[in-house]
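# Observations on the three-dimensional arrangement
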Amino acid sequence: METRNIGAYAELHRQRTYGNTAVRMKRFIEPWVQLAAPLSILDYGAGQGGFVDLLDVPSLSDRQSYDPAIPSLSSRPGGDVDYVVCIDVLEHLEPEEVPGVLADIAGLSRKALIIVTTAPARAVLPDGRNAHTTIRPPRWWKARIAEAFGTAAAIPVFRKNRCGFKTYSSPPAEWLGFGGRYGRAELAYQFWRLRGGRFR
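Computed from a predicted structure; not experimentally measured. (Residues numbered from 1 in each chain as written. Predicted model: local features only at pLDDT ≥ 70, side-chain atom pairs only at ≥ 80, totals over all residues. Heavy atoms only, no water.)

### With respect to the environment of Ile-87
Its place among the elements puts Ile-87 in strand S3 (residues 83-87). For Ile-87, a relative accessible area of 7% corresponds to the buried category. Expressed as a C-alpha distance, the spacing of Ile-87 and Phe-51, which sit 36 residues apart in the sequence, is 9.8 Å. (Helix = DSSP H or I, 4+ residues; strand = E, 2+ residues; numbered from the N terminus. Buried < 20%, exposed > 50% of the residue type's maximum accessible area, 1.4 Å probe, protein only.)

Here it is as structure tokens:
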């Protein structure tokens, strides 16, 4: 979907590496995708991180990435997918663009996991504005997501200045399943960091 700042992000893509935040968030996201057991997944606003290829989800047979600012990823999938992840993307839109992009995601899948940053970015756009052009509190994002999908269930991300939502409901057993899987993923992440793991 074409939005106002696409050209600015295309220029940032040419100048620097971006899109690795989702890798840091993998331990919060992967358990939910595992529990949903989708056959296909799309990373909407993927950046350069290759996030969907890092997911350990045995059910997946189709992994797609879409980012309109990156030429090799700029073709929006034409059909439905089982699951969409959208990580630290929506805050880069203009406020009036948020409903349209959420509707676009909902048109691809009713099952999505969305994480948004609620504080300014370190990066600035070529016009001097902060790269996070829509900074709003979690309750604002929850309302916008619920408008598009009908459901916006808050999920734990345990990180300052971020909020996360699923666009579908989960029974108590699935929440318990998330807790166990997240605990193992967090432990693995912390051991990886202690061993000197770094993100590019």
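### A few points about the packing of helix H3 (residues 26-36) against helix H7 (residues 172-194)
At a minimum axis distance of 8 Å, the contact between H3 and H7 shows a crossing angle of 140°. Classed by the angle they form, the pair H3 and H7 counts as oblique. Seen along the crossing, H3 lies across H7 with a hand that is right-handed. For the pair H3 and H7, contact is made by Arg-27, Phe-28, Pro-31, Trp-32, Gln-34 and Leu-35 and by Glu-174, Trp-175, Gly-177, Phe-178, Arg-181, Tyr-182, Ala-185, Glu-186 and Tyr-189, respectively. Residue composition of the contact of H3 with H7, grouped by class: nine nonpolar, two polar and four charged. (Axes fitted to C-alpha atoms, helices over the stretch in contact; angles between N-to-C directions. Parallel < 35°, antiparallel > 145°, perpendicular 65-115°, else oblique. Left-handed = near helix turned anticlockwise from the far one by under 90°. Contact = heavy atoms within 4.5 Å. Nonpolar A, V, L, I, M, F, W, Y, C, P; charged D, E, K, R; others polar.)

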